[in-house]
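Residues per chain are reported as follows:
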Amino acid sequence: MKNKTSSPPREGEARPSRCPDNSAFKQQKLPAWKPQLTIATVLSSFFLTGAFCLSVGVCLILSTNSVREIQIDYSDKCSDCSKLRENSSNWNKECHCSVNFMLKEDILGDVFMYYGLQNFYQNHRRYVISRSDAQLLGRNVNIQKSYCAPFTTYRNGTPMAPCGAIANSMFNDTIDLFYNLKSSVIQVPLLKTGNSWWTDKNVKFRNPKSYNLSSAFAGTARPPYWQKPVYLLDEEDERNNGYINDDFIIWMRVSAFATFRNLYRRVSRIRQFADGLPAGNYTFRISYNFPVTKFKGRKYVILSTVVWSGGSNPFLGIAYVVSGTAATLTGFVITAIHLKLRKKKAYFQK
Amino acid sequence: MALSVDSALYRWQRLGAESPSQTLSESTPLLFSVRDRPKLNLNKWRIVFPNNGRQWKDWKQASAFYSGNRIQTTKYTWFTFLPQNLFEQFHRLGNLYFFFLVVLNWFPQVEVFHREIAMLPLIVVLLASMSKDAIEDYRKYRFDKTINFSKTRVYDKEERAYVEKCWKDVRVGDFVQLQCNETIPADILLLYSSDQNGICHLETANLDGETNLKQRQVVMGFSSQNTLFEPEFFQNTIICEMPNNDLNKFKGYMEQPNHERIGFNIESLLLRGCTIRNTEAAIGIVIYAGHETKAMLNNSGPRYKRSKIERRMNTDIFLCVGLLFVMCLVGAVGHGIWTGNFSEHPPYDVPDENGNFLSPVLAGFYMFLTMIILLQLVKLGQVFLIHNDIDLYDEEADLPIQCRALNITEDLGQIQYIFSDKTGTLTENKMVFRRCTVDGIEFSHQENARRLETHKELDLDDEDFAKLQHFTLPPMNIERPATYKQRTMRPLRRCQSARAHFQGHTRNRSLGRCDSNQSQVAFSSTIEKDVTPDSRLLRHVREAALQTENLSPFVHMKTSTSLTDFFLALAICNTVLVSTATEPRQRVTVPPPIKPSGITLEKIHQIFQRLKLASLSQSFSSSQSSSDLGTSFSAKNTEGHLAALDCCDNDDCCASGRGDELQGKGSTDIGSASLDEVFKSVTNSSLPTDFCYEAESPDEAALVYAAQAYSFTLVSRTPEQVTVRLPQGTLLTFDILYTLGFDSVRKRMSVVVRHPLTKEIVVYTKGADSVIMDLLEDSAKADISAKKRMKRIKEKTQKHLDYYARDGLRTLCIAKKVLNEDDFQKWANFRREAEAAIDNRDELLMETAQHLETKLTLLGATGIEDRLQDRVPDTIAALREAGIQIWVLTGDKQETAVNIAYSCKLLNQRDTVFTINTENKETCESVLNLTLEEVRKNYEVEKPRRKIFGIIPTSFSASEAPSPEFGLVIDGRTLNVIFQGGLEEKFLALTKHCRSVLCCRSTPLQKSMVVKLVRRQLKVMTLSIGDGANDVSMIQAADVGIGISGQEGMQAVMASDFAISRFKHLKKLLLVHGHWCYARLAKMVIYFFYKNVNYVSLLFWYQFFCGFSGSTMIDYWQMIFFNLFFTSMPPLLFGVLDRDFSAETLLGLPELYKNGQNSEIYKLSTFIITMLDAFYQSLICFFVPYLMYEDSDIDVFSFGNPINTISLLTILLHQALEMKTWTVFHVVTMTGSVVFYLVFSLIYNAACVVCNPPTNPYWIMEKQLSDPTFYLLCLITPVIALLPRFFIFALRGTFGPSVILKAQQLDKLPKGQQDLEIQKLRSGKQTTSGASVASPASNDDLDQNISHLCVSPFLHPVAAAVSHGDTEGQGLSASEVNALRKRTPEGGYYFFNRWAEEEGTATGSSAGPFSGHYPLVPSRVTTPGQDGGKLTKDSAKNFNHGSHRRSVSAVTL
């Protein structure tokens, strides 16, 4: 009934035939490829998949096997310090500890030094959002309106720079690596820049523009957990200070899991470390600032190399091998069924 | 029934006394207290005062209560649009759910998403449908505006003239002047028509699609007819009923200042939206305006139907919401446990501004939103494709299929029961006169039958057809000119009919005269118009004609009189409108007075000369009595003028041509001498032109054409007069005193005429034989010989009628009655009173009609063939093979219905048919019980056999083997008993075992009740198909209603969900489109669930690693876009275009339809399996990357990005696995989706540094794309995720159900081979099934000669049973029958027998109808002999009542 009233009045013009077009689309006769699961296609697809996965898997496993990695849990080894840090009133007391370890063989190639945290839920919903990207981009924004709460301003109204829970809880241990070579201790040269993503360093994080950093951050205060203001993060290197400090940038890239590692330093390949880390005794000197006992966390320091397929995690290779095997086996199963049924009866028409 | 005159009189007086007193008290307060008036009356009656100078005050007061003529069909106004639309949209469950989520998101405690982002998808969806609604509404608004501002002429009391006014300014009580071809602005009571007889012609195409003209009459007895109507003098008050939507009922009266009342009815009401035709001017008073008009009240708008899938889906949505709830619960509990692990809050558990720590409950899972809108889109696409199917296009009517309901396409694929109307649905509803019987003599019309046969073969091949006619029927060349004319006209008509059909949807068509010229002439195919007369009958008629000429006309000589009467009745007793072929819309109404204008003297001279010659030759050939000559001459005179007038009406120049033509014919005729020739020439010459008859029912037209074939030509008809030309050329004009129209209760119609010669008052009645036979005159009064004769005639006629019905013909009895003047006057008084009554007027009218139609004299009966539509048996067979139960619900009589059922293979010759006709509840119950028992017994016998075959895993296993086939025939009365007696369950249990069910003589209400019963009790999907107004209720009751846009107007189409033009289209519509739509949509819905569950679970798994804090690893935008854009196109395309099998395969193997019937694609098990698969896949998609990145320095979004990508790939590949056909579109959208995802991500990740706080996926995609592990990850994860599914697919694809497998293989074959294979498959199946039943005869072969054909179906029960036992091995054994008999002592009619169809009936041309093997002696002859003693009173009553109704071939217990 509706269309009766809604159709506009038509004059008595010659109406074209209402016969529908005889086009392939309208008649649903478009040329179409109809893939059909015949025994040949099925078997070949299974076997091909199987073969491909197996070969890729083997390659991956081989390449991850060449990764050398050493991981040291220093949360217990520095138990004194951790006890000290349990009480937050001792925040300005320094605490150092050292951890010795031995490399049985050389670690060749680029060696990366990570710090690892366990049970630190950087991916917590309210934690993840607690930052102000605009502020980190050097813009003068009202962080009251950002997601930084409750780490936005102090009671007196001084804004925090950087604001938010992520920045506030930044990992602030310092770890140095020493190579004990015949009773002489050589500090392993470590690179503290170039560890973050290029785009982060150059695009996403910018310091506020001013003639020098301290004036740029004038009128702001450090986050409550920090020991020094943001413009003193790296006093040696102007281009690694303030918001564009690599350690800070890396920390701000919140980790996906509660147990994670972040790149801390890279071994600078000079002098005796030109090929990597030679075998021998090493010591980590750690300035222990970051409390983990509160959340039953642990802290690690990790030395590792990387290959094209990532780190030491062999999972991808295993996954390939397993699924390759599964596909191949399935192929055999189908062949078996097929042969058995064909013998029995001509169920299958070619 | 036999209501005596006196008692009727009493009743009348009583009513007459009551009704005024009633109405007085109600209506007269008008005159007393002005104050109370509106309140008191307006609730019950509508009182209309004329809007003229005199009654202006009253008018003003009253019309304030009535709505104006402005219409507003828009749903919204500017102000209400937003709230109202939103309100409506939130009726959808999905929208409400999302709104709930959004609202939750506004609470910071549970905020997961960025508030604004959370709203976005909802807003997109809402906006999309909102804009759609807005555009639709705006269109309506514009349309309303054009309507409201169209002009009409309304009487202005100040200017005392008609002035132009907009439609919207028309008020109730206004006088409106309408001109020809104007559209009527409101419901108007007709007060004046320029037509002499006060008739105004209407075209109601806008209302009901019927293009034939309707007549409307100025209020009867309203005096100011002949003078020009002057509104100022109109002082009557009109009182009528309140506005209602019944288009066919309206009553009221007009109260004159002297308190005299004039009744009127719908015949005087001009309905809004109709168009005035053939009437120069009409004036009326507005009764209802605007939204109160009947047309607007009928405009109820489309219904919202919800498909089965949608209903299923809603429950599953609840399941999914439940799932979400569980997820949230897990999150909440998990979070509690997680926080319990810490003695104090860790640094990463960030409190809110006020230092409170929050427990996130909502994990922000967005599901199903896009699904709802995409489903709508897919359905639109499906509808578009169905609409464009060229196979469903009817060339003749230029009509493609109309999809009126947009959201139930998939229901077409799940139909389990079809309820079909018979007439017009299975049959053409093109009535062809086939046979008649007059005075107990049957005229078989062999030639006509032969002509119909050849007609079928030649298929309207004009040339051959003409030749054939010429060839076979040399003596009948009267017909030739007519044929010739029709032939030349036909192409024109074809295109007219093409135009006419869509008019139901247009409005305001301003059709000029030439336009109306093109309009369709209803029921005018050659088949119907040409009736080749039976030579024997023709001879009789001629003899009769000669006799009547010789003797004084119409004085006895029994046969001739009844012959003449018979044909007169055929010609008169109807409501056919006559128009001329040259100008179809120009009605031939009155033989008009001579009008000298427009025609030259010379022409008149010519005509007169011609007429003189003709009549001279006539009088020469047949010594005509002078009086007769006089009439004939005068008649011809007028006739000639008629022709002339017709000419000048058309065109001046046409007249000269016509004159020449006449002249030419005349000159040739003079030369010829033979009687025949002269006879013919007279007929021809006086034929002004070819007449076209427009009838309300095609039967009537067929009868008039039949009468015409015997030269009883209906020349003109007005409400007062009807003119018929007799074979001898005389024109007889009958005064019509009354016309008692047809109704389904009386099942008859009558006209009361005054014979022009004898001045007798004659009632001609025609109607269903069951009714007429009861009303025949008691033979007691007449003398003995006449009595015997009457009885014999009656018996013979009954016999013939039985035979006709067996032959599948529609039968009508023709009867007459002569009234004497006194009786008539008495009756006429009642009738007038009845017409004026307002209260229970219909009953009164009915009573008067019944009172008149008694003591009739039988004249004869006719058999009209309703031809089966093209390819109906084929369609029914295919649908049945598809597992659809087909029921036929018809108002027709049992015999006709059963015969049609046989001829369309609804019933098989070998089927056991149970017939239940009873009015008694107990009988009915026991009969049902017995039948049920019987059927079950058979069923059980069959079962073990089936099992044996079921084991064998042949491709088309014996599960297809035909169980014993039963048919059930039941009539309306029995249905009533069943419904009232609570026997529904038994009835349904019985029908479940029956292959087909026929319900005869059922009313529309019963039809819908049956549909509802089956639908509710059996919980099946039902489809109703019908073409007429009587099917509307049935169409609306079913899940899917299909209307056939055929002969009977548009009501069925208006009520339907789909409108097709032929029954055969149902096959493709269901088997192909239904299957496709169902398969597509079901798969799509399943896929949507899969997709959403899959994706949402990804987020859920992450909760276990983020302390159940509700954080997400995927950027919000990408997450929202994922559903909205990245993965929406392929399923959309899939839903519109996927074809699991080709159309040819689906048509070739109807059993593929069962797939949808059993909801195999989308049912709980598939749903659960899909859900499990979705969980598995999401586990893989999450944990493979998780294990891969575990313990690494991966950040949140770098972890989420590969997951997002992987799940995109998995979801798309999953879709690819589901897709059966890959067209270019599929490939493009598939790759396009992936490419779009990558491009979007790249751009978004590169362009947006801080645009979307607090999340920031800057440069992530770029970084990952440069990482080889990302690619390796994206490669392996979908493989692992889809491997199980692919494995199952592979197994199913190679070792799966063989029908599907085979069908798939068929699809691959080239066209020709495919057909061959389908043939092979089908034949193979036939043999296997045949073998499994071990039936001696192959299935449905009509031509085959079964041995029991010659066995009378009215055998002694034992004999019948034995014979069946012998021939079929399925029948009852004798003992069983006996047992049955014992158990039904009350002896209700319990028929069960095999219908033994005589093969000779259809082709019984050579032997004639009664050549021996037709056992017409009805069962009652044999029954009393067997069981008469046992009959109780009850059944005896049944028996009497049904005496004229032939009991079908049956064993009576």
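Residues numbered from 1 in each chain as written. Chains lettered and ligands numbered in written order. Predicted model: local features only at pLDDT ≥ 70, side-chain atom pairs only at ≥ 80, totals over all residues. Heavy atoms only, no water.

Here is the rule we go by: UniProt positions are given in the numbering used here, feature names are shortened, and annotations may be inferred rather than shown by experiment.
In the nomenclature of an unreviewed UniProt entry, chain A is known as Cell cycle control protein 50C of Aptenodytes patagonicus. Here is the UniProt Subcellular location (unreviewed entry) comment for chain A, exactly as written: "Membrane". What UniProt records for chain A under Sequence similarities (unreviewed entry) is the sentence "Belongs to the CDC50/LEM3 family."

**Here we look at the UniProt feature "transmembrane region" (unreviewed entry) in chain A**
Residue and element names in this part refer to chain A. Stated formally: Secondary structure elements are taken from DSSP: a helix is a run of H or I of four residues or more, a strand is a run of E of two residues or more, and numbering for both begins at the N terminus.
According to UniProt, the "transmembrane region" (unreviewed entry) feature falls on residues 37-63 and 315-339. Measuring from the first to the last C-alpha atom of residues 37-63 gives 37 Å, for a span that is 93% helix and 0% strand. Secondary structure across residues 315-339 divides into 100% helix and 0% strand, with the first and last C-alpha atoms of the span separated by 36 Å.

**Focus on a nonpolar patch on the surface**
All names here are of chain B. Cut-off, in case you're wondering: Note on patches: the residues involved have over 30% relative accessible area and no salt bridge, like charges join within 9 Å, and the nonpolar side chains Val, Leu, Ile, Met, Phe, Trp and Tyr join within 5 Å. The Shrake-Rupley method, run with a 1.4 Å probe, gives the accessible areas here. Residue values count only the displayed protein chains as cover. For salt bridges, the criterion is a side-chain nitrogen of Lys or Arg within 4 Å of an Asp or Glu carboxyl oxygen. Buried residues are those whose accessible area, probed at 1.4 Å on protein chains only, stays under 20% of the maximum for their type, while exposed residues exceed 50% and partly exposed ones sit between those limits.
On the surface, L319, L1164, I1168 and L1172 cluster together to form a nonpolar patch covering roughly 370 Å² of accessible area. Mapping L1172 onto the fold places it in helix α41 (residues 1164-1189). Looking at L1172, the relative accessible area reads 55%, which means it is exposed.

**Some thoughts on the side chain of N85 of chain B**
To keep it simple, the criterion reads: Residue contacts follow a heavy-atom distance rule, with two residues in contact if any of their heavy atoms lie within 4.5 Å.
Positionally, N85 of chain B belongs in helix α5 (residues 81-89). If sequence neighbours within four positions are ignored, N85 of chain B has contacts with Y76, T80, M130 and D133 of chain B.

**Considerations on the pattern of salt bridges**
Working definition: two side chains of opposite charge can pair if their charged atoms are close together. Under the counting rule described, the total for this entry stands at 36 salt bridges over all chains. Between D169 of chain B and K168 of chain B there is a salt bridge, and its shortest N-O distance comes to 3.7 Å. Note that D421 of chain B is salt-bridged to K1007 of chain B, the shortest N-O span being 3.4 Å. Highlighted residues: D421 of chain B in the loop between β15 (417-420) and β16 (427-438) and K1007 of chain B in helix α33 (residues 1004-1018), separated in sequence by 586 residues. The pair formed by D421 of chain B and K1007 of chain B is uniform in burial state, with each residue classed as buried. The network of salt bridges with common partners includes D73, D76 and R298 of chain A.

**A look at the sheet that holds strand β10 (residues 280-287) of chain A**
All names here are of chain A. Note the threshold: At least two DSSP bridges between two strands are needed for those strands to be called paired. Only C-alpha atoms enter the line fits that serve as axes; for helices the fit covers just the stretch in contact. Angles between N-to-C directions range over 0 to 180 degrees.
Strand order in this open sheet of four strands is β2-β10-β5-β6, and the pairing throughout is antiparallel. This sheet does not close on itself; its edge strands, each paired only once, are β2 (96-103) and β6 (184-187). Adjacent strand axes in the sheet meet at a mean angle of 30 degrees when their direction is disregarded. Relative to β10, strand β5 (residues 174-181) is paired through seven bridges, and the arrangement is antiparallel. By the bridge assignment for β10, T174 is matched with S287.

**Describing the nonpolar core**
Our working definition: Nine residue types can take part in a nonpolar core, namely buried Ala, Val, Leu, Ile, Met, Phe, Trp, Tyr and Cys, and a core is a set of them joined through side-chain atoms within 4.5 Å.
Core analysis: the biggest nonpolar cluster contains 172 residues, and W251, L277 and F284 of chain A together with F1199 of chain B have the highest contact counts within it. Apart from residues no more than four positions distant in its own chain, L277 of chain A is found in contact with L103, D106, I107, V111, L177, V188, V267, Y282 and L303 of chain A. If you look at the next biggest cluster of nonpolar residues, it comprises 50 residues, including F443, V531, L568 and Y710 of chain B.

**Considerations on the sheet that holds strand β10 (residues 261-265) of chain B**
All names here are of chain B. One open sheet accounts for four strands, arranged β1-β8-β9-β10; its pairing is antiparallel. Of all the strands in the sheet, the pair left with one neighbour each is β1 (45-48) and β10. Ignoring which end each strand starts from, the neighbouring axes of this sheet average 20 degrees apart. Relative to strand β8 (residues 237-241), β1 runs antiparallel, the two sharing four bridges. Bridge pairing in β8 places R46 opposite C240.

**Some points on the packing of helix α36 (residues 1065-1103) of chain B against helix α38 (residues 1129-1137) of chain B**
Residue and element names in this part refer to chain B. Heads up, the rule is: Just so you know how the angles are binned, under 35 degrees is roughly parallel, over 145 roughly antiparallel, 65 to 115 roughly perpendicular, and the rest oblique. By definition, turning the near helix anticlockwise from the far helix through less than a right angle yields a left-handed crossing, and turning it clockwise yields a right-handed one. Residues were grouped as follows: Ala, Val, Leu, Ile, Met, Phe, Trp, Tyr, Cys and Pro as nonpolar; Asp, Glu, Lys and Arg as charged; and all remaining residues, including Gly, as polar.
At a minimum axis distance of 8 Å, the contact between α36 and α38 shows a crossing angle of 160 degrees. The angle between the axes of α36 and α38 places the two elements in the roughly antiparallel class. Considering the relative orientation of α36 and α38, their crossing is right-handed. Every residue of α38 that contacts α36 at R1080, K1083, M1084, Y1087 and F1088 is listed here: P1131, F1134, G1135, V1136 and L1137. A breakdown of the residues in the contact of α36 with α38 according to their chemical character gives seven nonpolar, one polar and two charged.

**What about the packing of aromatic side chains?**
Within a pair of aromatic rings, the relevant descriptors are the distance that separates the centres and the angle that separates the planes. Formally: Centres within 6.5 Å are what make two rings of Phe, Tyr or Trp a pair, Trp counting through its six-membered ring; a difference in plane orientation under 30 degrees is then read as stacked, over 60 as edge-to-face, and the rest as tilted. In this analysis the charged atom, NZ for Lys or CZ for Arg, is taken to sit over a ring once it is within 6 Å of the ring centre and within 35 degrees of the ring normal.
Evaluated as defined, the whole model comprises 83 aromatic pairs over all chains. Ring centres of Y243 of chain A and F248 of chain A lie 6.2 Å apart, and the angle between their planes is 25 degrees; on these two criteria the pair is classed as stacked. With respect to class, Y243 of chain A is no different from F248 of chain A; both count as buried. Ring centres of F1100 of chain B and F1104 of chain B lie 5.4 Å apart, and the angle between their planes is 80 degrees; this geometry places the pair in the edge-to-face category. Look at F1100 of chain B and you get buried, because its relative accessible area is 8%. Across from the ring centre of Y114 of chain A, 5.4 Å away, lies the NZ or CZ of R261 of chain A, which sits over that ring. The ring of F178 of chain A is capped by R285 of chain A, whose NZ or CZ atom sits 4.6 Å from the centre of that ring.

**Section: the state of the cysteines**
Covalent bonding between the sulfur atoms of two cysteines is what defines a disulfide. All names here are of chain A. The following threshold applies: Disulfides are defined in this document as cysteine sulfur pairs within 2.5 Å.
Inspection of the entire model under this criterion finds three disulfides over all chains. Put simply, C78 and C97 are joined by a disulfide, and their sulfur atoms are 1.7 Å apart. Across the S-S bond linking C78 and C97, the dihedral sits near 55 degrees, which makes this disulfide right-handed. Placement of C78 in the loop between β1 (69-73) and α3 (79-86) and of C97 in strand β2 is noted, with a sequence separation of 19 residues between them. On the accessibility criterion, C97 (14% relative accessible area) is buried. Each disulfide pairs two cysteine sulfurs, and for C81 the partner residue is C95, the sulfurs being separated by 1.7 Å. Handedness here is read from the sign of the S-S torsion; for C81 and C95, about -80 degrees, the answer is left-handed. One end of the pair, C81, is in helix α3; the other, C95, is in the loop between α3 and β2, and 14 residues separate them in sequence. Taken as a pair, C81 and C95 share a single burial class, namely buried. By sequence-ordered numbering of the bonded cysteines, chain A has its disulfides arranged as 1-4, 2-3, 5-6.

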